[in-house]
Amino acid sequence: MEVEADNIGQGGVVKLASACCFAAAVVCAMPVQTALAAPPRSAGAVSRGLPPGPTNIPLRVLHAMAKPAVDFTGPEFTALRDRSLERLKGVLKTWQGFVIAYAASGHGAWDASIANLFSPGDKVLVCQAGYFSENWSTTARQYGLEVEAVVAPDRRAIDPNAVAERLAADNGHAIKAVLIVQNETATGMRHPVAEVRAAMNRAKHPALYLVDTISSLASYDFRMDEWGVDLVVGGSQKGLMLPPGMSFTAINARAWEAAQNARNPRRYWDWRTMVEGGRQLRFCGTAPIAFFYGLDESLDMIEEEGLENVFARHRRLAEATRACVRAWGAVSPRGGGPEIYPLDAEAASDSLTAVLCPPGHDADRVRAIASERFGVALGRGLAALQGRVFRIGHMGELNEPMLLGTLGGIELALAEAGMPHARGGVDAAMDALRAPATARIAAVA
Ligand SMILES: Cc1ncc(COP(=O)(O)O)c(C=O)c1O
């Protein structure tokens, strides 16, 4: 099996994007209204363009992490650990669950969820909607689970009714859990987490509900308790603005109970050795101390901006990106240029935009030109979408000028690659950014 990270692929990593220089120039020239409407972010970020993770790491976070390691059993670290994990619950909107962190990438948190919750032969229902949900299924299969799938229609989100139908037919309750990825990073698609929970309730099915929030956490809304989620998988390198290599699971009472009876082998991931009294007190081995310094700082930044403002910023930047792609696509009244991958507007993600290139045109050529000529790193198409899609990340540490610089670089790359597109994408993005700003300023006046 090929295991890929969601990164910029084989293309060279460009050290300092032109987008960043552009950003610096535009920040200086920003009119007061724009600055008022959008609290300036990213003053110290080092941008490499906008891949959908790992995202820009703020200098504040980098500096916070650059500290000597302390005794991970001593009071300084344990206070930092407890504080950070407690505050992370606010981002997940859980007051009933608790969070366990791992020194591992998101794949590790997938492993932890499957290892702790299930026994060989258990059946799970996966909402299959792209590369990452398929890979979570692969993890489950490798632990000896039987995996059934509800498959999303091409370029559309999971249909909650299809989940309800499958669960309603499971009279004997053989299905132990429903697994979904809130934001499928391969397709730039958001999937209906609350609606799938409602479908599970309609079917009166007792399955556990597991949600991967790796590319949605701290980018758009997620409500663990309200949406009846039993286990959440999260990662460091996207909305939390940390380096890759730390991941989390949030666990409620039902999931904790399931873990006591599960028979899957587990050592590194074993919650029972890490948790006491509903709190993580230990790691399997040495604690990832530097990550906690970074997490504490990134949570400070999120709290300073306000979580709902963070979401609003992501929505604003996503809408600008989508306006840009729609403008590129309007080669003729019937389109003909690049398209936003999700067909339904409400399924388009606020953390990244997957751009489907016209048939016969190579998305990887655009990526290569964007990277080599303009210092703009983009995500590649994964698995079946390789060469057909490029992905623009707009999550984490990002502001308007950084986005506009990147979109400008992509527009130049589209032209150089000879890909059919209409000009004016960046103008369309600026129009999208102006509209809500004007409304907010009017409200303040
Ligand atoms: C939605 C989603 N799930 C899981 C993963 C796997 O995370 P990692 O690459 O940190 O192992 C990713 C990575 O990008 C992802 O986007």
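First, a word on scope: everything that follows refers to the structure included in this document. (Residues numbered from 1 in each chain as written. Predicted model: local features only at pLDDT ≥ 70, side-chain atom pairs only at ≥ 80, totals over all residues.)

A few words on the nonpolar core. Residues Leu117, Cys127, Val178, Cys324, Val355 and Ala429 are the most contacted members of the largest nonpolar core, which totals 129 residues. Top contributing element to this core by residue count: helix H12 (residues 307-329), with 9 residues. Both of domain 1 (18-58 + 306-444) and domain 2 (73-285) provide at least three residues apiece to this core. With residues near it in sequence (within four places) discarded, Leu117 still touches Ala177, Leu208, Leu231, Ala255, Ala258, Ala259 and Ala262. (Core = buried A, V, L, I, M, F, W, Y, C linked by C-beta atoms within 7 Å. Buried ≥ 20, exposed ≤ 12 C-beta atoms within 10 Å, placed from the backbone. Helix = DSSP H or I, 4+ residues; strand = E, 2+ residues; numbered from the N terminus. Domains from an automatic or database assignment. Contact = placed C-beta atoms within 7 Å.)

Moving on: the packing of helix H7 (residues 160-168) against helix H8 (residues 193-202). Relative to each other, H7 and H8 sit at 25°, their axes nearing to 8 Å. Of the possible angle classes, the one that applies to H7 and H8 is roughly parallel. As H7 packs across H8, the resulting crossing turns out to be right-handed. Contacts between H7 and H8 involve Pro160, Asn161, Val163, Ala164 and Leu167 from the first element and Glu195, Val196, Ala198, Ala199, Met200 and Arg202 from the second. Residue composition of the contact of H7 with H8, grouped by class: 8 nonpolar, 1 polar and 2 charged. (Axes fitted to C-alpha atoms, helices over the stretch in contact; angles between N-to-C directions. Parallel < 35°, antiparallel > 145°, perpendicular 65-115°, else oblique. Left-handed = near helix turned anticlockwise from the far one by under 90°. Nonpolar A, V, L, I, M, F, W, Y, C, P; charged D, E, K, R; others polar.)

Look at helix H4 (residues 75-92): 26 Å from first C-alpha to last across 18 residues, which is about the 26 Å you get at 1.5 Å a residue. Those residues of H4 that sit buried are Arg81, Ser84, Leu88, Val91 and Leu92. The buried residues of H4 occupy an angular sector of 85° when projected down its axis, which confines them to one face. Facing away from the buried side of H4, by more than 90 degrees, are the exposed residues Pro75 and Ala79. Buried-residue contacts for H4 involve strand E1 (98-102), strand E8 (231-235), strand E9 (247-251), helix H11 (289-305) and H12. Within two residues after H4, Lys93 carries a phi angle of roughly 55°, on the positive side. (Expected span 1.5 Å × (residues − 1). Arc of directions from axis to C-beta.)

We now examine the sheet that holds E8. Overall, mixed pairing links the 7 strands, which are arranged E1-E9-E8-E7-E4-E2-E3 in an open sheet. In the strand order of this sheet, the two ends are held by E1 and strand E3 (146-151), each with one partner. The average undirected angle you get between the axes of adjacent strands in this sheet is 20°. Pairing of strand E4 (residues 175-181) with strand E7 (residues 208-212), which is carried by 5 bridges, proceeds in the parallel orientation. For Val178, the partnering residue across the bridge sits in E7 and is Tyr209. Together, E1, E8 and E9 form the strand contacts of H4, whose direction differs from that of E1 by roughly 110°. Here helix H9 (residues 253-261) sits on the sheet and contacts E7, E8 and E9; the angle it forms with E7, its principal contact strand, is near 105°. (Pairing = 2+ DSSP bridges.)

Glancing now at unusual backbone geometry. Following Gly53, the chain continues to Pro54 via a peptide bond in cis, the omega torsion being 0°. Despite not being glycine, His173 has its phi angle at roughly 55°, a positive value. Secondary-structure assignment places His173 in the loop between H7 and E4. Judged by C-beta crowding, with 12 C-beta atoms within 10 Å, His173 ranks as exposed. With a phi close to 65°, Ala218 is a non-glycine residue in the positive phi region. Locating Ala218 in the fold gives a position in the loop between E7 and E8.

Spatial strand order, E12-E13-E15-E14: 4 strands in an open sheet with antiparallel pairing. If you trace the sheet from one side to the other, it starts and ends with strand E12 (339-340) and strand E14 (379-380), each paired once.

Quick look at H8 now. The complete set of buried residues in H8 reads Val193, Val196, Arg197, Ala199 and Met200. The buried residues of H8 occupy one face: seen down the axis, they fall within an arc of 155°. Note on H8: the residue one or two positions beyond its end, Lys204, has a positive phi of about 50°.

To continue, consider the environment of Gln386. Mapped onto the elements of the fold, Gln386 is located in the loop between E14 and strand E15 (389-393). Classification of Gln386 by C-beta neighbours within 10 Å gives partly exposed; the count is 14. When the C-alpha positions of Gln386 and Ala363 are compared, they lie 7.9 Å apart, and in sequence the two are 23 residues distant. When sequence neighbours within four positions are dropped, the list of residues in contact with Gln386 reads Arg380 and Gly381.

A few words now on the pairing of E7. Burial runs high along E7: 5 of the 5 residues are buried. Burial of E7 is two-sided: the residues Leu208, Leu210 and Asp212 facing one way and the residues Tyr209 and Val211 facing the other way are all buried. With 3 bridges connecting them, E7 and E8 associate as parallel partners. Counted as the bridge partner of Val211 is Val232 from E8.

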